[in-house]
Every structure is written in structure tokens, then in C-alpha cells.
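# Inside the fold
Now for the letters of each chain:
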Amino acid sequence: MILAYQQRPWAVTVQLLQSQITITRRSRRRKLVFSMDNNLTTNNNPQTKDYLHYNHTDSCNASRWTSRESYVFMYARPWEKVVNFYSNLVNGQTALHHLFRTKMQTQNICDNTVVEPSDESGYVVTPAQKRAGRWARMNFKILLSYHGGSFDGWQKQPGLNTVQEVVEKSLGKFVDERKAGLLKDKGLPLEGNVVVAGRTDKGVTGFQQTQNIYDNAVVEPSEYVVTPAQKRAGRWARMNFKIVLSYHGGSFDGWQKQPGLNTVQEVVEKSLGKFVDERKAGLLKDKGLPLEGNVVVAGRTDKGVTGFQQVCSFYTWREDVRPEDIEDAINSILPGKLRVISVSKVPRTFHPNFSAKWRRYMYIFPLNAGETDEDDATIIYDGKTSDEKYSFNDNIIEENLESAIDDDKDDAESIKKPTRFKVSKVNMILQQLEGKLLSYKMFARDTKPARNTGPPTECFIFHARATQVTLPIDTEKGEYLETMCIELVANRFLRKMVRVLVATSIREAAAGADDDALIKLMDATCRRATAPPAPPDGLCLVDVGYNDFDSQTSFIL
């Protein structure tokens, strides 16, 4: 059998495999070339990876950077200076509004203002929220005495004189507006609704008609005792605290707690363990879990992203916990890296994420020497030399580009493309997004399949501007850094959406694209049409708003 296997005509097969096979797909305009000769040569030479470049069809296609070139341009910058600035910002040694030489008008933006606990940072409880749930309504206990011979029993019936009908008619004036509107729409009389301890028949007298009556004892309202278990019943009875945090992104591996990583959530929850009530502490002990609190955040930040006024909430059933205790507990963990701006008691309806109406992000992009000049410039990109110059990490590149295929070998070895962009052009491109509800699925990364289409991808951007500012590095030595600041305010942001918007707007500005370039990219069929995410070092979550957004409170007007 082995001899027969060796005598097969393998030479013909090898000859066929050595021939070049070319498959052309006109729909995507891509060319995939397989060659046995190329495979044989790569065994002796180091492997180099070529990555897919989305085939744009506009007039700027020749001057637009590939994903790899965009990555080089974004990362080859003095990011450590921006990181140090954010560290000073978290520690209270500098202020954001100093960059723009303007005084913020609202307490929510001014970083030197202490937010008082009673302020609750503008979160207002509406009448609808006050009535939300059966735990928030007003409940009254009524003791009645009625003569049985004067009524046709308790239960309301058509054409009969009953106690229930008389009582409910008299309570109609106390019905809330919402219920009154529903009754009016249905053509029903304006009446209250009562629940009785026991319905009596016709002729039966009620002396103290109420609930839980034993014998003929007179039950006074003061004798109804609320037990500790009843006080804690339901989420409406718990103590809810709003915590405004400031943390340095370079000191943590992001917000969300993950095994083996130093995250903000883990640090905060460990510090809140001492305020957990006895019941939850017992449950954690039975499960062998550490004694930690539970916090809910307005928006999770990635590794390296700074949070200036991040909002989270913590609840407990203990009534002896004070806001000052929570502030001292968190501030004692990592001074200089994590700081509490304010802690305040908030209504039980407050949710840091769902109650928020907008989020504000700031991105500081350092400009290299000569980039602010009017002279033209070019970047010479060579796949063989760029790896050595910029120390590329192929794993990061693969994560950003998602896949790789062979580029067109007919292209020149070196590609000259413009690299200098105007900040005013970036500002014009971003302004096209203001006041529109659009789908940003092309600008998201690492999202779940269920959140890649439909309403989960739609965001409304209130404010999108860019301007050039001078970043103070060392004022005593007179050292400054020219940067571009981008301010984005929206009702919500998708995962890595801000960083992709920043990188793509810079790429399109350098390529000389139209002002509506970002809107056109939303119709693309692949996320490779947008640039890889910008470095997280320049991103900062400035604040979260719980009132309607006012454009006059923006940093960049």
C-alpha cells in the first residue's frame, strides 16, 4: 500500500499547484493572489504582514492613509506629556477651563468648585418619578363605622346604595392627575379606590371596618409598628448615594472589574465594603466572596482613559452611613490617583447611567513640531522600515484591523501622502454631526452582534468642536505644548466611538475630504472604512449631565 501511494503521479499535482491562480471579485474590487512560489520563498524570509485597506471610491482615495499609516501617525507623538497633564488635573493642580481662558458658568463643569451634597448636581426628581412604583405612593388607613340597616352591603353594585360607592365618591377629589385623566378618557366618574379588610352583606353593621382587627379591641394608628425588615423592604427603602470620582487613566486598567487587573471599580468597591449591611455581608460570607460594595457607573472607560467627573452610585440598607464616611474611605485608598469630588444622598429613582441625559468627552491631541505651519508635508510609508521606526505591535494592529490580506503588489514601494492637517478643517468636519440622530456602528469597535444594528447604534451628538490650545507642561521653565482639543457631547457613546471619531476626522482632514466625510462613512459596509482608534492616553470623560444640555456651558464655542 505504501509503495502504491509513492507511485502516484504527484508531479502533475505539484506542477498544477505551482501555477499562479488569480481570482477577481468585481463587487469588492479586490484581488487575491495565491502562488506556490511565494509560499516557498516565505519559508526562508521573515514573514511580513500586509493589512486590508478599505477601497474608498471618492476623489481623496489616493491621499487617504491606510489603517497602518493612520496608526503610525496617531501614536508617534509625545503622549506622556498629555498623561502628566491629566494626572495634575485629577490631583486638582490644574483646571480644564484654564486651557480655554474662559470661566465655566455651571457648577457641573467648573473643576475647582466643590459640589455640595444638597445640590445633587442638578438631578431633579419629576412628579412621575416620585409616583414610580407602589413603594413611593401615599397610603392611608381609614377606620370606618357604618349602620348596616342604611346600606345594601359593602361591595359596590349597580343601582344599589353601598358603603364602597359612597366612600369612593367622597375620595374622588384626592385622585392624582394621571388617574383622573385615565378615568375621563374612559368616561368613568371621578372616584377613588378603596380596599377593605372584609366585605359585609346587606344589613350588617361595621363598627371599625379596617384590616387586622382582633376581637373588639380599638386599634389606633400609632399601634401599627413597622419592623426593621419592613423598613428595608423593596429598593425604595434603601439609602442611595451619588459619588463623583476623578481618576488618572494611566494608573488603572480601565473601569470594569476584571480578574488579575487593577481597575477603578475593584478599588472603589473594596473601599465600600465596610458600609455593606449585615444581610448582604452574610450572603457574601456564605458564598466565600470578599466583603465589597456594589457600584453602578454612568459609563465604563477603557484602559488609559481618564475620568475627571465620573459618576457612580452605591446603595446600602444601613441608615448610619454618612456621605463624609464614603468620601474618606475612597480617598484613603490611592491618593494622587483616585479622588472623590463629592458624595451626596440622592433619590431612590436615581441611576447614574439611565438618568443621564448627556456625556462630555475631551480629547487632547498633541501636535508635532511643524504641523501647525502652512507648508505642505508628506509622510513616506514603507512597510519594511516602519516596523523598526515606530516599534509596531502586530497584535494590536490585528485587533484594530480585524483581518489581513495581501495588498496589491503593483503599488509603489513608498507612498507619499499628506500628513499636515488644519485644525479648522477638523472642526468643520465634526460640526456636521451636531443636532443629528445617526447610526455610529461604523465608528464602534468590539461591540456585541446584537448591538451592531438598529437603535442600539444610534447616538445624538449635541456638541462636536475642535480648536488649537496650548498645554502647559512646566510653567516655571516656560515649557508648553501645542495641542488640538476635541470636545464631544452626546446622549450616549458606543464602545471606542470617541477614539475612532477623533482618528477618522484627522485622517479625513489630512486627505482633504468633504466636510460631510464622516456622515458619508456611515453608509460604508465595513468598519475598516474608518480609522483605527486613537490612543486612549488623550481621552478624558469630563462630566455627565442630568439636565438638558446647554451649549453655552461648552469649553469650545
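Sequence positions are assigned chain by chain, starting from 1 and proceeding in written order. The predicted origin of the model limits local features to residues at a pLDDT of at least 70 and limits the giving and counting of side-chain atom pairs to 80 or more, whereas totals for whole chains, interfaces and linings rest on all residues. Side-chain numbers come from the whole structure's heavy atoms, not from hydrogens or water.

### Here's the deal with the confidence of the model for the protein chain
- Per-residue confidence for the protein chain gives a mean pLDDT of 76; residues scoring 70 or more make up 70%.
- For every residue, the pLDDT score states the predictor's confidence, bounded by 0 at the bottom and 100 at the top. Secondary structure elements follow DSSP: runs of H or I no shorter than four residues count as helices, runs of E no shorter than two count as strands, and numbering proceeds from the N terminus. Across the protein chain, strand β9 (residues 358-366) holds the top mean pLDDT of 96, while helix α14 (residues 383-390) sits lowest at 34.
- Throughout, a contact is declared for two residues whenever any of their heavy atoms are within 4.5 Å. Ignoring residues within four places in sequence, the model shows residues 102-121, a span with pLDDT below 50, making 47 contacts including any to other chains.
- A low-confidence stretch, residues 211-224 (pLDDT under 50), is modelled with 11 contacts involving residues beyond four sequence positions or located in other chains.

### Side note on the packing of aromatic side chains
- Here a pair means two rings of Phe, Tyr or Trp (six-membered ring of Trp) with centres within 6.5 Å. Their orientation is stacked below 30 degrees between planes, edge-to-face above 60, and tilted elsewhere. Applying the stated criterion to the full structure yields 20 aromatic pairs.
- Where Y361 meets F493, the ring centres are 5.1 Å apart and the plane angle is 85 degrees; that geometry is what we call edge-to-face. Remark: F493 occurs in the loop between β14 (479-490) and α17 (497-511) and Y361 occurs in strand β9; sequence separation between them is 132 residues. In terms of burial, Y361 and F493 fall into one category: buried.
- In this structure an aromatic cluster arises from ring pairing among W65, F73, W79, Y363, F365 and F421. Only protein chains enter the accessibility calculation, which uses a 1.4 Å probe; a residue whose area is less than 20% of its type maximum is buried, one above 50% is exposed, and one in between is partly exposed.

### With respect to the nonpolar core
- By size, the foremost hydrophobic cluster in this structure holds 68 residues, and its most contacted members are F365, F421, Y440, F443 and M484.
- Ranked by residue count, the leading element in this core is α17, at nine residues.
- If sequence neighbours within four positions are ignored, M484 has contacts with Y363, I364, F365, L367, F421, V423, V426, A466, T467, Q468 and I506.
- Buried residues of nine kinds, namely Ala, Val, Leu, Ile, Met, Phe, Trp, Tyr and Cys, make up a nonpolar core once their side-chain atoms join them within 4.5 Å. Ranked by size, the runner-up nonpolar core spans 23 residues in total, among them L245, V268, A329 and V343.

### As for the pattern of salt bridges
- Salt bridge criterion: a side-chain nitrogen from Lys or Arg within 4 Å of a carboxyl oxygen from Asp or Glu. Counted under the stated rule, the structure contains 24 salt bridges.
- With a shortest N-O distance of 3.8 Å, D253 and K303 are connected by a salt bridge. Residue D253 is located in the loop between β5 (239-247) and α11 (264-271), and its partner K303 is located in the loop between β6 (295-297) and β7 (306-316); the two are separated by 50 residues in the primary sequence.
- Residue K303 is classed as exposed on the basis of its relative accessible area, which comes to 55%.

### Details of helix α5 (residues 79-90)
- To estimate how far a helix should reach, multiply one less than its number of residues by 1.5 Å. Between its terminal C-alpha atoms α5 stretches 17 Å, which fits the 16 Å expected from 12 residues at 1.5 Å a residue.
- Every buried residue belonging to α5 is among W79, V82, V83, F85, Y86, S87, L89 and V90, and all of these are buried.
- In the stretch just after α5, G92 is the one whose phi turns positive, near 80 degrees.

### Details of the pairing of β7
- Among the 11 residues that make up β7, 10 are buried, leaving the element largely enclosed by the rest of the structure.
- Sheet analysis places β5 next to β7, joined by eight bridges and oriented antiparallel. Residue pairing across strands places N240 opposite Y315, the latter belonging to β7.
- At least two DSSP bridges between two strands are needed for those strands to be called paired. Two elements, β6 and β7, share three bridges in a ladder whose sense is antiparallel.

### Thoughts on the side chain of E269
- Mapped onto the elements of the fold, E269 is located in helix α11.
- You can call E269 buried: its relative accessible area is 2%.
- A polar side-chain atom of E269 sits 3.3 Å from the main-chain amide nitrogen of V295.
- Not counting chain neighbours up to four residues away, the residues in contact with E269 comprise K257, E292, G293, N294 and V295. Each polar contact in these results corresponds to two N or O atoms within 3.5 Å; when the atoms are within protein, one needs to be able to donate a hydrogen and the other to accept it, and residues that are neighboring in sequence are counted only if both atoms are side-chain atoms.

### Notes on the pairing of β9
- Taking burial as the measure, the nine residues of β9 include nine buried ones, the bulk of the element.
- Burial of the side chains of β9 extends over both faces: W358, R360, M362, I364 and P366 are buried on one face and R359, Y361, Y363 and F365 on the other.
- As paired elements, β9 and strand β15 (residues 539-545) share six bridges and run antiparallel to each other. Bridging across to β15, Y363 finds its partner in L539.
- Note that β9 and β14 share eight bridges and pair antiparallel. Bridged to R359 within β14 is A490.

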